[in-house]
Amino acid sequence: MRTLVVHYSRTGTTRALAHQLADALGADLEELRDPTPRRGLGGWLRCAMQARRGSLVPLAPLRHDPAAFALVVVGTPIWAGAVSSPVRTFLHHHRSHLRGLACFCTGGGESGDEVLAQLERLAGHDARAHLFVRASEAASEVTTRKIAAFVERLAAQDREILTPPPSAPRQDDAAERRH
Ligand SMILES: Cc1cc2nc3c(=O)[nH]c(=O)nc-3n(C[C@H](O)[C@H](O)[C@H](O)COP(=O)(O)O)c2cc1C
């Protein structure tokens, strides 16, 4: 199944995870490029404010067409309890072209549940799989296991889709058995 991993990363954590997922899934990668200044205290505050307000921001043109992929895996850092504004902007423009969705987020806190749910709402799709990674555990065994479980969940669903259901007996077969 053709898969695209779309992500934004300000300081590299979400990028590293996106690369690991793309390797494990055999997927293409699309890193969202955002010209808004995000360095230093001013940049940090801008990120938090834009995320809280649900702002849309300018993005550089994409290198891939998400509509050409059966599955798009979308990843964001958590900003002020919300989806980062570059990823929000991507979903705003492309939600109607997404055929299948899986999502992931990274954060400094304990849980990504709210932001994963927000990603689904913004995409207008239920995700086939979710993944949250704590920034402090990004390079750990815990994360390796979470990635493996995420990839296996998607693979199991693909196997289900590809396995035809047991066929009902044709009418003439059933009639033959009665004689
Ligand atoms: C403006 C801002 C707000 C943040 N707010 C949260 C937050 O509410 N909850 C959380 O768990 N992490 C928060 N973080 C931490 C980032 O989500 C975390 O460091 C993430 O892994 C960074 O990803 P990146 O390196 O790909 O940019 C915040 C980071 C920034 C820059």
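Note: the structure precedes this text.
Here the structure is a predicted model, which means the values were calculated and not measured. (Residues numbered from 1 in each chain as written. Predicted model: local features only at pLDDT ≥ 70, side-chain atom pairs only at ≥ 80, totals over all residues.)

### Digging into the overall build of the protein chain
Quick note on the threshold: A run of H or I in DSSP becomes a helix once it reaches four residues, and a run of E becomes a strand once it reaches two; helices and strands are each numbered from the N terminus. Residues with at least 20 other C-beta atoms within 10 Å of their own are called buried, those with 12 or fewer are called exposed, and the rest are partly exposed. The C-beta atoms themselves are positioned from the backbone. Residues are scored as being in contact if the C-beta atoms we place from backbone atoms lie within 7 Å.
Counting secondary structure elements, the protein chain contains 6 helices and 6 strands. Along the protein chain, helices and strands appear, N-terminal first, in the series β-α-β-α-β-β-α-β-α-β-α-α. Counting only C-alpha atoms and orienting by the principal axes, one finds that the protein chain spans roughly 85 × 35 × 25 Å. Classification of the 179 residues of the protein chain by burial places 30% in the buried group. Considering only contacts within the protein chain whose residues lie at least 6 apart along the sequence, 77% involve residues at least 24 apart.

### As for the environment of arginine 2
Structurally, arginine 2 is set in the segment before strand E1 (3–7). Remark: the alpha-carbon pair of arginine 2 and valine 72, spanning 70 residues in sequence, is separated by 8.7 Å. Those residues within four positions of arginine 2 in sequence are excluded, and the remaining contacts are Ala68, Phe69 and Ala70.

### Some details on the pairing of E1
Rules: Strand pairing is assigned whenever DSSP identifies at least 2 bridges connecting the two strands.
With 4 of 5 residues buried, E1 is to be regarded as a mostly interior element. Bridging between E1 and strand E3 (residues 71–79) involves 5 bridges; their strand directions are parallel. Bridge assignment links histidine 7 to a residue of E3, and that residue is glycine 75. Relative to strand E2 (residues 28–31), E1 is paired through 4 bridges, and the arrangement is parallel. Of the residues in E2, the one forming a bridge with valine 5 is leucine 29.

### Side note on helix H2 (residues 40–53)
Because an α-helix packs 3.6 residues into every turn, residues spaced three or four apart end up facing the same way. Rule in force here: Helix span, expected: 1.5 Å multiplied by one less than the number of residues in the helix. Our arc is simply the arc of the directions from the helix axis toward the C-beta atoms.
Between its first and last C-alpha, H2 extends 20 Å over 14 residues, near the 20 Å set by a 1.5 Å rise per residue. Every buried residue of H2 is accounted for by Cys47, Gln50 and Ala51. Summarising the axial view, the buried residues of H2 lie within an arc of 100°, below the 170-degree limit, and thus occupy one face. For H2, exposure combined with an orientation more than 90 degrees from the buried face picks out Leu41, Gly42, Leu45 and Arg53. Each element contacted by the buried residues of H2 is listed here: E3, strand E4 (82–83) and helix H3 (85–94).

### Details of the site of the ligand
Using the following cut-off: Here is the check we use: build the C-beta atom from the backbone, and if it is within 6 Å of the molecule or strand, call the residue near. Nonpolar residues are Ala, Val, Leu, Ile, Met, Phe, Trp, Tyr, Cys and Pro. Charged residues are Asp, Glu, Lys and Arg, and all others, Gly as well, are polar.
In the vicinity of the ligand there are 20 residues, among which Ser9, Thr14, Pro77, Gly107 and Gly109 approach most closely. Residue assignment for the shell around the ligand shows that the elements contributing at least two residues are helix H1 (13–25), H2, E3 and strand E5 (101–107). Per-class residue counts for the shell around the ligand are 8 nonpolar, 10 polar and 2 charged.

Coordinates in, geometry out; function isn't part of it.
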